[in-house]
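# Results of the structural survey
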Amino acid sequence: MIQSRKPYAIYVITKHGLKTGTELFHSLKGADIFVSPKFISEAPKESKLLSLPMEPTLRETFMEYDCHIYVISVGAVVRMISPLLVSKKTDPAVLCIDDQAKFTICVLSGHVGRGNFFTQKISDLLENIPVITTASDVSGTLTVDILGRELGWSLEDQDRNVTRACAAVVNETKVLFVQETGEPSFWPLEKDLPKGVEYSINLKNVDPKDYEILLISSDRTDIKTKTPEIYSNSVIYRPKSLILGLGCDKGIPKEVVENGIIKVLKEYNLSFDCIKSIASVDVKKDEPAFLAISKKYGWDFITFSAEKLDQVDGISEISKAASEYVGTRSVSEASALLLSGSDKLLVTKQKYKETEGGKNLTVAVSRIPFATRSEIHSEGLEKV
């Protein structure tokens, strides 16, 4: 999904189609409806004119919406959109609804473009039959290419081993899911993992030759160098698991903060893609660099009072500067621990300065202590 896109475009060319399209137009927030000239006078006043032939309109709209809903036959739609297709990474979802609104059919971008999600949503609105043909959805197994996306997870590499992994889970061959970090709800907690999928919380004693593929949820970047044989037979997910505690001199440039974070994470083999939030002390809540970098990357920026930070256990050293200027023993370490909910640091306070006499940055890193599916099982919470 491309964030700048509008949500829905609805296309109708028949009388019955106009009835269905109008119902969806009024039900879907942010939808636009395109109506053929013959029925434009009967359409909602906000309707847009659909060219006939449709190709000129589609060339303008195809990349402008997340989901295209055609109350038109599948065959006609396939012929019209085929010249517009680029890549499953960027192509929008395409749905077709028959003229009597008996079926909602996912035609394109079922996973990455959320076509299957939209199909189910539209089908629920129209109370008709959803038609979804992607194998993982039909068989009720892991959707490898979008696993954990609703939790903020991303794939380290969208191409490496993904097709092979999709085939492995659909064919119910031996697959190992390794949850080094990340939410356990990547698969519904009330359900056992699909047939063929085993589960582990680490890579100790794992022989990659024992499995068709390994699915690894991790914030470490050294899997490739430390265990190349595992890396070569894996798909790696990047959950939002890291909390950065930050302290700085007033007026520090955003670029210095960014460079310092990158340097620290690289040195400690942690993925930049796994940052969830940054944290600091209340007096830094309006620090321009922190506000700018949190906005740039979509991170939450949370601050705490000096009094709260001063009560946090687990810090590695007492900061004289923090005690003198903001009234707490620690800023970066304490804020990382407090926001993450962890009782230990992944990276203790690291100091960063780019030039002699330049502004100072401190960075500490903590990992959110997610529960594992094994722990949930043992507490009896998974079975319902």
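Residues numbered from 1 in each chain as written. Predicted model: local features only at pLDDT ≥ 70, side-chain atom pairs only at ≥ 80, totals over all residues. Heavy atoms only, no water.

Our focus in this paragraph is the overall build of the protein chain. A count of helical and extended segments in the protein chain gives 14 helices and 17 strands. The proportion of buried residues among the 384 residues of the protein chain is 49%. Considering only intrachain contacts with a sequence separation of at least 6, the fraction spanning at least 24 residues in the protein chain is 61%. A total of about 19100 Å² of accessible surface is found on the protein chain, and carbon and sulfur atoms cover 52% of it. Between the mean site of the 48 positive side-chain charges and the mean site of the 52 negative ones, the protein chain shows a separation of 3 Å. (Helix = DSSP H or I, 4+ residues; strand = E, 2+ residues; numbered from the N terminus. Buried < 20%, exposed > 50% of the residue type's maximum accessible area, 1.4 Å probe, protein only. Contact = heavy atoms within 4.5 Å. Areas by Shrake-Rupley, 256 points an atom, 1.4 Å probe, with all protein chains shown as cover. Lys, Arg positive; Asp, Glu negative; His and termini not counted. Charge placed at Lys NZ, Arg CZ, Asp CG, Glu CD.)

Here we come to the pairing of strand 9 (residues 175-179). Strand 9 sits mainly inside the fold: 5 of its 5 residues count as buried. Where strand 9 lies against strand 10 (residues 197-200), 4 bridges are found, and the strand directions are parallel. If you follow Phe-177 over to strand 10, its bridge partner there is Tyr-199. Here strand 9 runs beside strand 11 (residues 213-217); their pairing, made up of 5 bridges, is parallel. Each bridged residue has a counterpart across the sheet, and for Gln-179 the counterpart in strand 11 is Ser-217. (Pairing = 2+ DSSP bridges.)

Taken across its 9 residues, helix 13 (residues 332-340) has 7 buried, putting it largely inside the fold. Along helix 13, the residues that are buried comprise Ser-332, Glu-333, Ala-334, Ser-335, Ala-336, Leu-337 and Ser-340. Against the buried residues of helix 13 lie strand 13 (242-248), strand 14 (275-281), strand 15 (300-304), helix 11 (306-310), strand 16 (347-352) and strand 17 (361-367). Two residues or fewer past helix 13, Gly-341 is found with a positive phi of approximately 80 degrees.

Turning next to the UniProt feature "domain: Cobalamin biosynthesis central region" (unreviewed entry) in the protein chain. The UniProt record marks residues 143-239 with the feature "domain: Cobalamin biosynthesis central region" (unreviewed entry), using the residue numbering of this structure. Structurally, residues 143-239 comprises 19% helix and 22% strand, and the distance from its first C-alpha atom to its last is 16 Å. (UniProt positions renumbered as here; feature names shortened; annotations may be inferred.)

Before going further, it helps to spend a moment on the sheet that holds strand 13. Here 5 strands make up an open sheet; going across it, the order is 15-14-13-17-16 and the pairing mixed. The open sheet has two edge strands with one neighbour each: strand 15 and strand 16. Taking the axes of each pair of neighbouring strands and ignoring which way they run, one obtains an average angle of 25 degrees across the sheet. Alignment of strand 13 against strand 14, held across 4 bridges, turns out to be parallel. (Axes fitted to C-alpha atoms, helices over the stretch in contact; angles between N-to-C directions.)

What follows concerns the domain arrangement of the protein chain. When cut into domains, the protein chain gives domain 1 (6-133), domain 2 (149-238) and domain 3 (242-367). Taking only C-alpha atoms, the centre of domain 1 and the centre of domain 3 are 47 Å apart. (Domains from an automatic or database assignment.)

This brings us to the pairing of strand 1 (residues 6-12). In terms of residue burial, strand 1 counts as a mostly covered element, since 5 of its 7 residues are buried. Relative to strand 4 (residues 65-71), strand 1 runs parallel, the two being bridged by 6 bridges. Paired with Ile-10 across the strands is Ile-69, a residue of strand 4. The pairing of strand 1 with strand 2 (residues 31-35) spans 5 bridges and is parallel.

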